[in-house]
Every structure is written in C-alpha cells, then in structure tokens.
Amino acid sequence: MYARDDSATAARWQSLPPAGHVEAAAGAFAMLADPTRLKLLWLLCGAEHDVTGLAVAVGAARPAVSQHLAKLRMTGLVGTRRDGRRVLYRARGGHVRTLLAEALEAAAHTVGDLPEHD
C-alpha cells in the first residue's frame, strides 16, 4: 500500500468492479494500444480538430484517421460536434485526459521524460 492511501481507498481495491465496467475499460485500453490513436487522442485532449487537420498532424492518410476516430468514438473516448459541414472531434472529458496523461507518464519512466502538460 502506498503512503498516500487511506483505509477507505485501500478497501475500494479489495473487490472487483462490475463486469460491464471491466469490459468497457478493456475496450478503451485496446483502442489505446495503437500509436496513431494515442497521438490523435493526445491532440484531441488539447483542442477540437477535424479529420483533415488531424491527418496532417499525425502524418497519416485521411481515411485511416477517420477509421481510428470512429473506433475511439465507439469506445466513448472521443466525441463530436458539427460546425457547418465539418465534424470536429474532441476528447470526452477530463477523465480521458487524465487516463492518457497517466499512461504516458508511466511510459516516461521507461523511455525518458515527456514534455510538460496540464
């Protein structure tokens, strides 16, 4: 147990979460197992983007980016809104930003430091 854990926090980890929650989390982690999707989600945590802008930013073909975004949207990590004819994508909430930041912070322990972020 970590020094910052209290007994209430530790007790939470003594029983398994509901099966549906575990399955949904596993699906989200599966979506994050692709480097292009990680890059897309990183950008979407900072601002809204359309497919064309994301494709340029990550150096991938527009159809491939569209497919990645559809998968991220299907798992609830990404949301959309219309702006005229354009569809803008964004990360769905602070919990997605926290999840991604924690994953990349953990990676930094293995491969080195990351640029600072919120």
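Scoring rules and cut-offs
What you see as residue numbers is a count from 1 along each chain, following the sequence as written. Local features are withheld for residues below a pLDDT of 70 in this predicted model, meaning they are given only at 70 or higher, and side-chain atom pairs are given and counted only at 80 or more; totals for whole chains, interfaces and linings count all residues. Working from all heavy atoms in the structure, the side-chain values ignore hydrogens and water. The helix count covers DSSP runs of H or I at least four residues long, the strand count covers runs of E at least two residues long, and both are numbered beginning at the N terminus. We call two residues contacting when some pair of their heavy atoms lies within 4.5 Å. Note on areas: Shrake-Rupley, 1.4 Å probe, and residue coverage restricted to the protein chains presented here. Side-chain rings of Phe, Tyr and Trp (the six-membered ring for Trp) are treated as a pair once their centres are within 6.5 Å; stacked means planes under 30 degrees apart, edge-to-face means over 60, and tilted covers the remaining angles. Consider the ring centre and the ring normal. A charge sits over the ring if Lys NZ or Arg CZ is within 6 Å of that centre and within 35 degrees of that normal. For each residue, the accessible area found with a 1.4 Å probe, counting protein chains only, is set against the maximum for its type, and the residue is called buried under 20%, exposed over 50%, and partly exposed in between. We call a set of buried residues a nonpolar core when its members are Ala, Val, Leu, Ile, Met, Phe, Trp, Tyr or Cys and they connect through side-chain atoms within 4.5 Å of each other. For salt bridges, the criterion is a side-chain nitrogen of Lys or Arg within 4 Å of an Asp or Glu carboxyl oxygen. Axis geometry follows a simple rule: fit a line to the C-alpha atoms, using only the stretch in contact for helices, then measure angles between N-to-C directions, giving values from 0 to 180 degrees. Here is the rule for angles: anything less than 35 degrees is roughly parallel, anything more than 145 is roughly antiparallel, 65 through 115 is roughly perpendicular, and the remaining ranges are oblique. Lys, Arg, Asp and Glu make up the charged group, whereas Ala, Val, Leu, Ile, Met, Phe, Trp, Tyr, Cys and Pro make up the nonpolar group; the residues left over, Gly among them, are polar.

A. The overall build of the chain, seen in detail. If you tally the helices and strands in the chain, you get six helices and two strands. From first element to last, N terminus to C terminus, the chain shows the α and β order α-α-α-α-α-β-β-α. By sequence separation, contacts in the chain at least 24 residues apart represent 49% of the contacts at least 6 residues apart. As presented, the chain carries roughly 8,300 Å² of accessible surface, and 56% of it is formed by carbon and sulfur atoms.

B. Structural detail: the packing of aromatic side chains. Evaluation of the coordinates by the stated rule reveals zero aromatic pairs. The aromatic ring of W13 is capped on one face by R12, whose charged end is 5.5 Å from the ring centroid.

C. Spotlight on the environment of A57. On the secondary structure map, A57 appears in helix α4 (residues 51–58). For A57, a relative accessible area of 54% corresponds to the exposed category. Sequence separation between A57 and L40 is 17 residues; the distance between their C-alpha atoms is 8.6 Å.

D. Highlighting the nonpolar core. Residues L40, L41, L44, V65, L69, L77 and V78 are the most contacted members of the largest nonpolar core, which totals 20 residues. Every element with two or more residues in this core is listed here: α2 (19–31), α3 (35–46), α4, α5 (62–74), β2 (86–91) and α6 (94–111). Excluding its chain neighbours within four sequence positions, the residues that come into contact with L44 are H49, L54, L69, V78, Y89, R90 and A91.

E. Focus on the pattern of salt bridges. Enumeration over the complete set of coordinates arrives at three salt bridges. One salt bridge in this structure joins R81 and E48, with 2.8 Å as the shortest N-O distance. In this pair, R81 is assigned in strand β1 (residues 78–83) and E48 in the loop between α3 and α4, connecting sequence segments 33 residues apart. Owing to a relative accessible area of 37%, R81 belongs among the partly exposed residues under this scheme. Its salt-bridge partner being R86, residue D83 comes within 3.4 Å of it at the nearest N-O pair. Here the residues in one salt-bridge network are D50, D83 and R86, joined through shared partners.

F. The arrangement of the packing of α4 against α5 in detail. Between α4 and α5, the shortest axis-to-axis distance is 9 Å and the interhelical angle comes to 110°. Relative to α5, α4 is oriented roughly perpendicular. Residues V51, T52, L54, A55 and V58 of α4 pack against R62, V65, S66 and L69 of α5. Partitioning the contact of α4 with α5 into residue classes produces six nonpolar, two polar and one charged.

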